[in-house]
Amino acid sequence: MSLSDSAYIYVNSTDSFYLEHTVVVETTYNTDSPESTSTVTVCHVGNVSSSCRLAPFNKTLFEVIGSLGQLRYIPTGDIVQAGEYFRGQNGTIHVCEFLPQNGTVGKNNTRHLFQYSTVQVYLSYICVPISMLALMVTFITYCTFPVLRKLMSSKLVMALCFTLFFAQLLLLTGGMAVPSPEACALVAILSHFLWLSVFFISTTLAIDLAKTFGNQDTIYLSTNSAKALCCYFGGALGLSAAVVLTCVVLTYAKGYDLHMQYGGGSSCWIGSGTMNLFAFGVPVAIALLLNGFLFIRTVRGLMENEKISGRLREKSHSAGNRKQLRIYVRISTLMGFTWILGYIAAFAGVSVLWYIFIILNSLQGTYIFLAFVVNRRVYWLWRESFERRRAAASTTFERMPMRSKGSKNTASTALSHSSKADDNRT
């Protein structure tokens, strides 16, 4: 017999778990010897095999069907057999995990949408860290060179990288909070807020780019305005907080009646399919629609401005088209359009679409890195930075006092070689 971290008693003889409050352990000690005898008494409340993982749910999410003790999970219609659940304290039912993963890695939803295979889960675990590394390099690059963050859009790109990094971090590590219902609910709430912030920040970016390039008559330069920056951040984070706060209030006030919950099951996310649709799917869909409309407006403005500027200078038509295409691709990486494929895959039920969605969506940070960091301008900024540091180190070395003649000659020789190398490189 052993006590698990989740307040269950495991009895070896029955290979089953029992809730701690349903088990009575009586121990008899012998005064003449150190040996003792223990007797375990279990109340007849049912038992669950140790081969399954238990997850707590509120009892209002289930209804009894038939006369054999079966339960039906109301949000999805899944049937739980009599030997697959416990009736615990405080109105909870501890059930063998039955909710599948779908939509994105580590998120639970209803069974009829999609269930990730082992290959798809591992594929996401490979792609997401690559995206996080790319986001980190992009953020550090913008922090290092002030010239890259003069415009408002540059600061919004930094905010998007920062938020997306931590959203993907919770996506990878949030599963560690599953054993604790309270910690799992907290992780789910924070993940909900971060992912909504990612989309709403991308919408503020779309608004700023549309203001900058969307006007076909003039180009409005988005300057470094603290007031405008606060409005953008306040709008994006405020909308995210309002949606999450509304869901939290409804969950803990009317959640049992509305079948809403954070956490539960095998991952720390929005546990109800209906809640997931209205609390996450609908806001994301609205943000994507706005991003699409503003992206089209931005592209039209860029095309018109390119036509006007093309009349004032002689330039190859094909070269101009390639430049315009690169601009459009860079802007599209910030809009989150890869999530549209997730909606299509969810309703189409085609397995191949989910593989494409996992790869494209998990690598979003990589696309931002390729679009905004992998270019000649950033290359020369980093190169000049390293050369200045090397020159500063050489100057410091020249000013170091020489302790002996031999060391002086050695230093002079080294400086002579360095000077010749610099001349040759020049």
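Structure report, in brief. (Residues numbered from 1 in each chain as written. Predicted model: local features only at pLDDT ≥ 70, side-chain atom pairs only at ≥ 80, totals over all residues. Heavy atoms only, no water.)

## Observations concerning helix α8 (residues 351-362)
Taking 1.5 Å as the rise per residue, α8 with 12 residues should run 16 Å; its terminal C-alpha atoms sit 17 Å apart, in good agreement. Turning to α8, its buried residues are Trp354, Phe357, Ile358, Asn361 and Ser362. An end-on view of α8 places all buried positions within 100° of arc, on one side of the element. (Helix = DSSP H or I, 4+ residues; strand = E, 2+ residues; numbered from the N terminus. Expected span 1.5 Å × (residues − 1). Buried < 20%, exposed > 50% of the residue type's maximum accessible area, 1.4 Å probe, protein only. Arc of directions from axis to C-beta.)

## Comments concerning the state of the cysteines
Tallying each qualifying case throughout the model produces 1 disulfide. Here Cys184 pairs with Cys268 through a disulfide, and the sulfurs are 2.2 Å apart. Note on the Cys184 and Cys268 pair: the S-S dihedral is about -120°, so by sign convention the disulfide is left-handed. Here Cys184 is found in helix α3 (residues 181-213), whereas its partner Cys268 is found in the loop between α4 (226-258) and α5 (273-312), with 84 residues between them in sequence. By the burial criterion, Cys184 is buried, and Cys268 matches it. No disulfide involves Cys143; its nearest neighbouring cysteine sulfur is the one of Cys161, lying 9.7 Å away. A residue is classified by how much of its surface remains accessible, and Cys143, at 36% relative accessible area, is partly exposed. (Disulfide = S-S within 2.5 Å.)

## Brief notes about the nonpolar core
Residues Trp195, Phe199, Tyr262, Phe280, Leu334 and Ile368 are the most contacted members of the largest nonpolar core, which totals 74 residues. Of the residues forming this core, the biggest block, 16 residues, is contributed by α3. When residues no more than four places from it in sequence are discounted, the contact partners of Tyr262 are Ala185, Ala188, Ile189, His192, Val244, Cys247, Val248, Thr251, Trp269, Ile270 and Met275. Ranked by size, the runner-up nonpolar core spans 10 residues in total, among them Phe62, Leu71, Tyr73 and Val95. (Core = buried A, V, L, I, M, F, W, Y, C linked by side-chain atoms within 4.5 Å. Contact = heavy atoms within 4.5 Å.)

## Brief notes about the environment of Trp269
Within the fold, Trp269 resides in the loop between α4 and α5. A C-alpha to C-alpha distance of 7.9 Å links Trp269 and Cys184, two positions 85 residues apart in sequence. Here Asn276 takes part through its side chain, which lies 3.4 Å from a polar atom of the side chain of Trp269. (Polar contact = N/O pair within 3.5 Å; in protein donor to acceptor, adjacent residues only side chain to side chain.)

## Points about the side chain of Thr163
Relative to the assigned elements, Thr163 resides in helix α2 (residues 152-173). Of note is the side chain of Thr163, whose polar atom sits 2.8 Å from the backbone oxygen of Ala159. Look past the residues within four positions of Thr163 in its chain and what remains in contact with it is Leu194, Ser197, Val198 and Ile201.

## So, a nonpolar patch on the surface
A cluster of nonpolar residues, Leu277, Phe278, Val282, Ile286 and Leu290, forms a patch on the protein surface that exposes about 460 Å² of accessible area. Looking at where Phe278 falls in the secondary structure, it is placed in helix α5. Taking relative accessible area as the criterion, Phe278 reaches 57% and is therefore assigned exposed. (Patch = residues over 30% accessible without salt bridge, like charges linked within 9 Å, V, L, I, M, F, W, Y side chains within 5 Å. Areas by Shrake-Rupley, 256 points an atom, 1.4 Å probe, with all protein chains shown as cover. Salt bridge = Lys/Arg side-chain N within 4 Å of Asp/Glu carboxyl O.)

## Comments concerning helix α7 (residues 339-348)
Along an α-helix, residues three or four apart share an orientation, since each turn contains 3.6 residues. Residues of α7 that are buried: Trp339, Leu341, Gly342, Ala345 and Ala346. For α7, the angular spread of the buried residues around the axis is 140°, confining them to a single face.

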